[in-house]
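Results of the structural survey
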Amino acid sequence: QVHLEESGGGLVQPGGSLRLSCSASGFGFNLHTMKWYRQTPGKERELVATIKRGGTSTTYLDSVKGRFTISRDDVKNTLYLQMNNLKPEDTAAYYCNFVDWNSRQYWGQGTQVTVSS
């Protein structure tokens, strides 16, 4: 069964850094594009970053370019999001996501990131 589990969130001051992890199992992780989304209560979920199979191509939300880096380890079946120079507007629940061959979307439970003084 497909399972995604995010970790690494927490409380951090503006300008600080966090590294999020997403542990994946139950599917061919290395064959799929993986994504990070985030959502703040009362607002729509937004795509933060994408990484293609093999890690050869990445894309980012404009507001996080230069600060966030998405990466993957296909041996450990783990997706990462390195977040630097965090801002209060980065506060959100962050979710790991992929789409299978039948176009079904899968999500983890989320990990909360709070950026505050």
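Because the structure is a prediction, the values reported are computed rather than measured. Counting of residues starts from 1 at the beginning of each chain's written sequence and follows it residue by residue. Totals for whole chains, interfaces and linings use all residues, but because this is a predicted model, local features are given only for residues with pLDDT of at least 70 and pairs of side-chain atoms are given and counted only at 80 or more. Hydrogens and water are ignored here; the side-chain numbers use all heavy atoms of the structure.

Observations concerning the overall build of the protein chain
The helix and strand inventory of the protein chain stands at 0 helices and 11 strands. Every helix listed is a DSSP run of H or I at least four residues long, and every strand listed is a run of E at least two residues long, numbered separately from the N terminus. Listing each helix as α and each strand as β along the protein chain from the N terminus yields β-β-β-β-β-β-β-β-β-β-β. In summary, the protein chain has a C-alpha radius of gyration of 14 Å against a globular reference of 13 Å for 117 residues, a match within 12%. Expressed as lengths along the three principal axes of its C-alpha atoms, the size of the protein chain is roughly 40 × 30 × 25 Å. Our radius of gyration looks at C-alpha atoms and nothing else; its globule reference is 2.2 Å times the residue count to the power 0.38.

Focus on the pattern of salt bridges
The rule for a salt bridge is simple: a side-chain nitrogen of Lys or Arg has to be within 4 Å of a carboxyl oxygen of Asp or Glu. This structure, assessed with the given rule, holds 5 salt bridges. Ionic pairing is found between D62 and K65, a salt bridge with its closest N-O pair at 2.9 Å. Where salt bridges share partners, they join R38, E46, R67 and D90 into one cluster.

As for the packing of aromatic side chains
Between 30 and 60 degrees the pair is tilted, below 30 it is stacked and above 60 it is edge-to-face, where a pair is any two Phe, Tyr or Trp rings, Trp via its six-membered ring, whose centres lie within 6.5 Å. Counted under the stated rule, the structure contains 4 aromatic pairs. Ring centres of F27 and F98 lie 3.8 Å apart, and the angle between their planes is 10°; on these two criteria the pair is classed as stacked. Here the residue F27 occupies a position in the loop between β3 (18–25) and β4 (34–39), and F98 occupies one in strand β9 (residues 92–99), the gap between them amounting to 71 residues. The exposure classification of F27 matches that of F98, with both residues buried. Consider the rings of Y37 and W107, whose centres lie 5.0 Å apart with planes at 65°: the pair is edge-to-face. The buried label goes to any residue with under 20% of its type's maximum accessible area, the exposed label to any with over 50%, and the partly exposed label to all in between, with areas taken from a 1.4 Å probe on protein chains only.

Read these as layout, nothing more, since geometry by itself doesn't imply function.
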